[in-house]
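Here's the letter readout for the chains.
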Amino acid sequence: MLDSSFHEADALFSAADAVANPQSASKVRIHLASPADVPFIVDAIAAESRHGHFSCDCDRPDVLRGLWHQIQRIVSDGVTPMPDERNGAGGRAFVVQVGEVNAGFAILVEHAP
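Scoring rules and cut-offs
- Residues numbered from 1 in each chain as written.
- Predicted model: local features only at pLDDT ≥ 70, side-chain atom pairs only at ≥ 80, totals over all residues.
- Heavy atoms only, no water.
- Helix = DSSP H or I, 4+ residues; strand = E, 2+ residues; numbered from the N terminus.
- Buried < 20%, exposed > 50% of the residue type's maximum accessible area, 1.4 Å probe, protein only.
- Contact = heavy atoms within 4.5 Å.
- Areas by Shrake-Rupley, 256 points an atom, 1.4 Å probe, with all protein chains shown as cover.
- Expected span 1.5 Å × (residues − 1).
- Pairing = 2+ DSSP bridges.
- Core = buried A, V, L, I, M, F, W, Y, C linked by side-chain atoms within 4.5 Å.
- Salt bridge = Lys/Arg side-chain N within 4 Å of Asp/Glu carboxyl O.
- Phe/Tyr/Trp six-rings, centres within 6.5 Å; stacked < 30°, edge-to-face > 60°.

Take the overall build of the protein chain next. When you go through the protein chain residue by residue, the secondary structure sums to 4 helices and 5 strands. Along the protein chain, from the amino end to the carboxyl end, the secondary structure elements read β-α-α-β-α-α-β-β-β. Relative to its full complement of 113 residues, the protein chain shows a buried share of 35%. For the protein chain, the share of sequence-separated contacts (at least 6 apart) that also reach a separation of at least 24 residues comes to 55%. Split by element, the accessible area of the protein chain, about 6900 Å² in all, is 55% carbon and sulfur.

In structure tokens:
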């Protein structure tokens, strides 16, 4: 499963921009998410879920609490809590930064534990 979300499209650059200005490519960084990135990831998922990009109803406090727990476990322990046979599958979260600004994220989850 791969979920991704990007904020403000103008914060990102295209491949053509990178070719025209190679120094701009050095401003993009992808890093393994740390606990400090959890609020960014959760807030992005909650915001995008209101636009139909994620299947969770983050307006429900219980769902939002579960999402926080799930993202914290993925980031801290590399495991993905789920309510089915996939519970405990390995997971990793990555954050894309443009300059000093978080611009997006990706969460990769194994098919099975």
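With that settled, consider helix α3 (residues 38–49). Its 12 residues place the ends of α3 16 Å apart at the C-alpha level, agreeing with the 16 Å of an ideal helix rising 1.5 Å per residue. Summarising burial for α3: 9 of the 12 residues are buried, a large majority. The set of residues buried in α3 consists of Val 38, Phe 40, Ile 41, Val 42, Ala 44, Ile 45, Ala 46, Glu 48 and Ser 49.

For strand β4 (residues 89–98) and strand β5 (residues 101–109), the ladder comprises 8 bridges, and the chain directions are antiparallel. Bridge pairing in β5 links Val 98 to Val 101. Here β4 folds back onto β5 in antiparallel fashion, the turn holding 2 residues, of which Gly 99 has a positive phi close to 65 degrees.

As a further point, take the nonpolar core. Ranked by internal contacts, the top residues of the largest apolar core, which has 21 residues, are Ile 41, Ile 45, Ile 71, Ala 93, Phe 105 and Ile 107. Per-element accounting of this core gives the leading share, 7 residues, to α3. Leave out the neighbours within four places in its chain, and Ile 71 touches Val 38, Ile 41, Val 42, Ile 45 and Ile 107.

Here we take up the side chain of Ser 49. If you trace the backbone, Ser 49 turns up in helix α3. If near-sequence neighbours (up to four positions away) are discounted, Ser 49 is found in contact with Phe 54, Cys 56 and Cys 58.

Side chains that differ in sign of charge can pair as their charged atoms come close. Scanning all chains against the criterion turns up 3 salt bridges. Among the salt bridges present, the one from Arg 60 reaches Asp 62, with a minimum N-O distance of 2.6 Å. Residue Asp 62 is classed as partly exposed on the basis of its relative accessible area, which comes to 39%. Across the salt bridge formed by Asp 77 and Arg 73, the nearest N and O atoms sit 2.7 Å from each other.

What the rule picks out here adds up to 1 aromatic pair. With centroids separated by 6.3 Å and ring planes inclined at 15 degrees, the aromatic side chains of Phe 54 and Phe 105 adopt a geometry described as stacked. Taken together, the residues span a long stretch of sequence, with Phe 54 in the loop between α3 and α4 (61–77) and Phe 105 in strand β5 at a distance of 51 residues. For the pair Phe 54 and Phe 105, a shared accessibility class is recorded, and that class is buried.

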